[in-house]
Amino acid sequence: MQFGIFTVGDVTPDPTTGRTPTEAERIRATVAIARKAEEVGLDVFATGEHHNPPFVASSPTTLLAYIAAQTERIILSTSTTLITTSDPVKIAEDFSVLQHLSGGRTDVMLGRGNTGPVYPWFGQDIRQAIPLTVENYGLLRRLWREETVDWEGKFRSALQGFTLAPRPLDDVPPFVWHASIRTPEIAELAAYFGDGFFANHIFWSASHTRELVSLYRRRFAHYGHGTPEQAVVGLGGQVFMRPDSQDAVNEFRPYFDHAPVYGHGPSLEEFTRQTPLTVGSPAEVIEKTLGFREYVGDYQRQLFLIDHAGLPVKTVLEQLDLLGEEVVPVLRREFAKDRPAGTPAAPTHASRLRAREDATDEGDAEAR
């Protein structure tokens, strides 16, 4: 399994001090968090994409390229690339460049985006979100896989004799995850192409996530990509930890109560009962996270949100120390226990390159 963190890049006032970081401070803090994630032994750092205040994550590949230059091992991903409002030609170009700069430490997580005003800013209609997703992704796949592309669709201008430059590193496109919180059509799209499915189940109950992942697994098998257990699944989640559980609750409560995405609603206690949010000791985080396998099966990637809602950088770095030292080593060991032999590992550039070379060797052997 891969373990890592993701950020949404929000610029939120610290409710305990009233201070709001500048956009420059928030961007620099994100870089520091990514570097720390590698330092403590995590596998993945991912950033979202937003084009509206109070977020600064409007150019994910720019940020990830900068981080790539300061890291050596960690996989750099998006936690959402907006396939609906971003031109698939530009997505293909940007991620090919990022692949080359990072030495293949790149994958992409595609999502529709649910902020209505953003769609018209990019000349699109949110009511067309699903058709946009399907059409744009179909083109993106071809751009990464075909030398010359002739294409015509509904939502962008046609292409004639278009060749992507640069081509994907080693001619292996970035691995694609399709992210969804609630939309079965996205699970279906991921299954159809045999891609990964990332259920960002921060806001929803275990039963909802179980149904969505189960749908994806069934349809993955239906389309002939393997057994349901061989489908590639990722999960989101949010944690806040202190060595003492009550200290964690007391410290995090004002951040939760004023958070832009779930503040002013259910209490912290209600939210932690009903969703994967875990606020407490490292042992409690371990226990709850291990429970995810009970309703989604063995899966490949677990990402945590730890820097939301105005938390100070110092606090976030302390969370990373706890993740790296006390939580992730135990999760790696426990998730590995009784893991069926046929369960796929999380895809990497190196593993996908090897798989292609092995398939070529097998084909050559059969031809002989």
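None of these values were measured; they are calculated from a predicted model. (Residues numbered from 1 in each chain as written. Predicted model: local features only at pLDDT ≥ 70, side-chain atom pairs only at ≥ 80, totals over all residues. Heavy atoms only, no water.)

J.: Got a minute to help me understand the overall build of the protein in this structure?
T.: The helix and strand inventory of the protein stands at 13 helices and 13 strands. What you see for the protein is a C-alpha radius of gyration of 20 Å, in line with the 21 Å of a compact globule of 368 residues. Across its three principal axes, the protein shows a C-alpha extent of roughly 65 × 50 × 40 Å. The 368 residues of the protein split such that 52% are buried. Long-range pairs, those at least 24 residues apart, make up 72% of the contacts in the protein between residues at least 6 apart in sequence. (Helix = DSSP H or I, 4+ residues; strand = E, 2+ residues; numbered from the N terminus. Rg over C-alpha atoms; globule rule 2.2 N^0.38 Å. Buried < 20%, exposed > 50% of the residue type's maximum accessible area, 1.4 Å probe, protein only. Contact = heavy atoms within 4.5 Å.)

J.: Can you walk me through the packing of helix H10 (residues 282–291) against helix H12 (residues 313–336) in this structure?
T.: Two quantities define a packed helix pair, namely the angle between the axes and the distance from one axis to the other. Taken N-terminus to C-terminus, the directions of H10 and H12 make an angle of 35°; their axes are 10 Å apart at the nearest point. Helix-helix and strand crossings are classified by hand; for H10 and H12 the assignment is right-handed. Residue-level contacts link Pro282, Val285, Ile286, Thr289 and Leu290 of H10 to Leu322, Glu326, Val327, Val330, Leu331, Glu334 and Phe335 of H12. Here the residues of the contact of H10 with H12 sort into nine nonpolar, one polar and two charged. (Axes fitted to C-alpha atoms, helices over the stretch in contact; angles between N-to-C directions. Left-handed = near helix turned anticlockwise from the far one by under 90°. Nonpolar A, V, L, I, M, F, W, Y, C, P; charged D, E, K, R; others polar.)

J.: Explain the packing of aromatic side chains here, please?
T.: Considering all chains together, one arrives at twelve aromatic pairs under this definition. For the pair Tyr192 and Phe193, a centre-to-centre distance of 4.9 Å together with 90° between the ring planes defines the contact as edge-to-face. Tyr192 sits in the partly exposed class, given a relative accessible area of 46%. Take Phe193: its relative accessible area is 23%, and that puts it in the partly exposed class. (Phe/Tyr/Trp six-rings, centres within 6.5 Å; stacked < 30°, edge-to-face > 60°.)

J.: What's the story with a nonpolar patch on the surface in this structure? I'm lost.
T.: Residues Phe203, Trp204 and Val261 make up a contiguous nonpolar surface patch of roughly 250 Å² in combined accessible area. Considering the arrangement of structural elements, one finds Val261 in the loop between helix H8 (245–258) and helix H9 (268–274). (Patch = residues over 30% accessible without salt bridge, like charges linked within 9 Å, V, L, I, M, F, W, Y side chains within 5 Å. Areas by Shrake-Rupley, 256 points an atom, 1.4 Å probe, with all protein chains shown as cover. Salt bridge = Lys/Arg side-chain N within 4 Å of Asp/Glu carboxyl O.)

J.: Please explain the environment of Glu38 as it appears in this structure.
T.: Locating Glu38 in the fold gives a position in helix H1 (residues 23–39). By relative accessible area, Glu38 is classed as buried at 16%. For Glu38, the residues in contact, after removing those within four places along its chain, are Thr71, Glu72, Arg73, Ile74 and Arg105.

J.: Hey, could you run me through the environment of Asp195 in this one?
T.: For Asp195, the location among the structural elements is in the loop between helix H6 (184–193) and strand S9 (196–199). For the pair Asp195 and Asn52, spaced 143 residues apart in the sequence, the C-alpha separation amounts to 29 Å. Apart from residues no more than four positions distant in its own chain, Asp195 is found in contact with Tyr137, Arg141, Phe175, Val176, His178, Ala190, Tyr216 and Val232. Separated by 2.9 Å, the side chains of Asp195 and His178 make a polar contact. (Polar contact = N/O pair within 3.5 Å; in protein donor to acceptor, adjacent residues only side chain to side chain.)

J.: What's the story with the sheet that holds strand S5 (residues 107–111) in this structure? I'm lost.
T.: Hydrogen bonds between backbone atoms are what pair the strands of a sheet, whose relative direction is either parallel or antiparallel. Judged by pairing direction, the sheet is parallel, and its nine strands sit side by side in the order S3-S2-S1-S13-S10-S9-S8-S5-S4 without closing on themselves. Since the sheet does not close on itself, it has two edges, and those belong to strand S3 (75–78) and strand S4 (81–82), each with one partner. Note: strand S2 (residues 44–47) against S3, four bridges, orientation parallel. Bridging from a neighbouring strand, Thr47 pairs with Thr78 of S3. On top of the sheet, H12 reaches strand S1 (2–7) and strand S13 (301–305); it is set at about 140° to S1, its chief contact. (Pairing = 2+ DSSP bridges.)

J.: Can you help me understand the packing of H6 against helix H7 (residues 206–222) in this one?
T.: Where H6 meets H7, the closest approach of the two axes is 8 Å, and the angle between their N-to-C directions is 30°. Here H6 is positioned roughly parallel relative to H7, judged by the angle of their axes. In terms of crossing hand, the pair formed by H6 and H7 is right-handed. Between H6 and H7, the contacting residues are Pro184, Ala187, Glu188, Ala190 and Ala191 on the first element and Leu212, Leu215, Tyr216, Arg219 and Phe220 on the second. (Parallel < 35°, antiparallel > 145°, perpendicular 65-115°, else oblique.)

J.: Can you walk me through the environment of Glu229 in this structure?
T.: Note that Glu229 resides in the loop between H7 and strand S10 (233–235). Of the residues examined, Glu229 reaches a relative accessible area of 53% and is grouped as exposed. For the pair Glu229 and Glu326, spaced 97 residues apart in sequence, the C-alpha to C-alpha distance is 29 Å. Apart from the residues within four sequence positions on either side, Glu229 is in contact with Arg217 and Pro344.

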